[in-house]
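Structure assessment
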Amino acid sequence: MPGERRESVAEQNLPTHAADTMAYQVATDIRALRAFVSAGALARGLSGERVELLTLAVSELATNTLQHTTGGGWVRLWAEPGQLVCDVVDRGPTRTFGRSMPAADSVRGRGLAIVEQICDEVAVLTSAGETVVRIRLSL
């Protein structure tokens, strides 16, 4: 995907602008998480169509967290000049991006591929006990 970065760092700079944060721990939290992301993205100037893409990407990442890790996670959302940035953070292993979309008859495995295709940039940042998938969409 154009503009994609993958990083592994002990400490990644956090937003210098105001960031909204929401935690999620169980599947029933996903609906509220989607509303949180949608409202925050709209408030920061992301177009309605792009808000839907961001909400889908965050939903896929959060669902992945709940299915493959323990303890849930949290989302940070903020704007930088020309971009909306969203971190999906959990205590799971590093995600591997760059895979092709699974076959149409596959039961699983589309979530990360979808995120990679609909976001302008995807980066994986790791530190001791924490994995951050940082996604960016142009405003």
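Up top is the structure.
Heads up: these notes are all about the structure in this document. (Residues numbered from 1 in each chain as written. Predicted model: local features only at pLDDT ≥ 70, side-chain atom pairs only at ≥ 80, totals over all residues. Heavy atoms only, no water.)

Time to look at the overall build of the protein. Of the regular secondary structure elements, the protein holds three helices and five strands. Sequence-ordered secondary structure for the protein, helices as α and strands as β, is β-α-α-β-β-α-β-β. Within the protein, the fraction of its 139 residues that count as buried is 44%. Summarising the internal contacts of the protein: among those between residues at least 6 apart in sequence, 68% fall at separations of at least 24. Accessible surface, the protein: about 7200 Å² in total, of which carbon and sulfur atoms supply 53%. (Helix = DSSP H or I, 4+ residues; strand = E, 2+ residues; numbered from the N terminus. Buried < 20%, exposed > 50% of the residue type's maximum accessible area, 1.4 Å probe, protein only. Contact = heavy atoms within 4.5 Å. Areas by Shrake-Rupley, 256 points an atom, 1.4 Å probe, with all protein chains shown as cover.)

Before going further, it helps to examine helix α1 (residues 30–43). With 14 residues, α1 extends 20 Å between its outermost C-alpha atoms, agreeing within 8% with the 20 Å of an ideal straight helix rising 1.5 Å per residue. Every buried residue of α1 is accounted for by I30, L33, F36, V37, G40 and A41. Taken around the axis of α1, the buried residues stretch over an arc of 120 degrees, which confines them to a single face. More than 90 degrees from the buried face of α1, the exposed residues found are R31 and A43. Among the structural elements, β1 (20–24), α2 (48–68), β2 (73–80) and β3 (83–90) are those in contact with the buried residues of α1. Within two residues after α1, G45 carries a phi angle of roughly 95 degrees, on the positive side. (Expected span 1.5 Å × (residues − 1). Arc of directions from axis to C-beta.)

Judged by pairing direction, the sheet is antiparallel, and its five strands sit side by side in the order β1-β2-β3-β5-β4 without closing on themselves. The open sheet is flanked by β1 and β4 (121–127), the only strands paired with a single partner. Strand after strand, the sheet turns through a mean of 20 degrees between neighbouring axes, direction not considered. Where β2 lies against β3, eight bridges are found, and the strand directions are antiparallel. Bridge assignment links V75 to a residue of β3, and that residue is V88. Helix-sheet contacts for α2 involve β1, β2, β3 and β5 (130–138), and the interaxial angle to β5 is about 170 degrees. (Pairing = 2+ DSSP bridges. Axes fitted to C-alpha atoms, helices over the stretch in contact; angles between N-to-C directions.)

Next up on the list: the nonpolar core. One finds L33, L54, V58, V75 and I135 to be the most contacted residues of the largest nonpolar core, which totals 29 residues. Of all the secondary structure elements, the ones that give two or more residues to this core are β1, α1, α2, β2, β3, α3 (111–118), β4 and β5. Top element by residues in this core is α2. It accounts for six residues. Other than its neighbours up to four places away in sequence, L54 contacts V37, A41, L46, L77, L84, C86, I135 and L137. (Core = buried A, V, L, I, M, F, W, Y, C linked by side-chain atoms within 4.5 Å.)

Attention now goes to α2. Relative to the 30 Å expected for 21 residues at 1.5 Å per residue, α2 spans 30 Å between its end C-alpha atoms, a close match to the ideal helical length. All of the buried residues in α2 are R50, V51, L54, T55, A57, V58, S59, L61, A62, N64 and T65. Here the buried face of α2 lies against β1, α1, β2, β3, α3 and β5.

On to the packing of α2 against α3. Direction vectors running N to C along α2 and α3 enclose 150 degrees, while the axes themselves pass 9 Å from each other. By the angle between their axes, α2 is roughly antiparallel relative to α3. In the packing of α2 onto α3, the handedness of the crossing is left-handed. Touching R50, L53, L56, A57, E60, L61 and N64 of α2 are G111, L112, I114, V115 and I118, all from α3. (Parallel < 35°, antiparallel > 145°, perpendicular 65-115°, else oblique. Left-handed = near helix turned anticlockwise from the far one by under 90°.)

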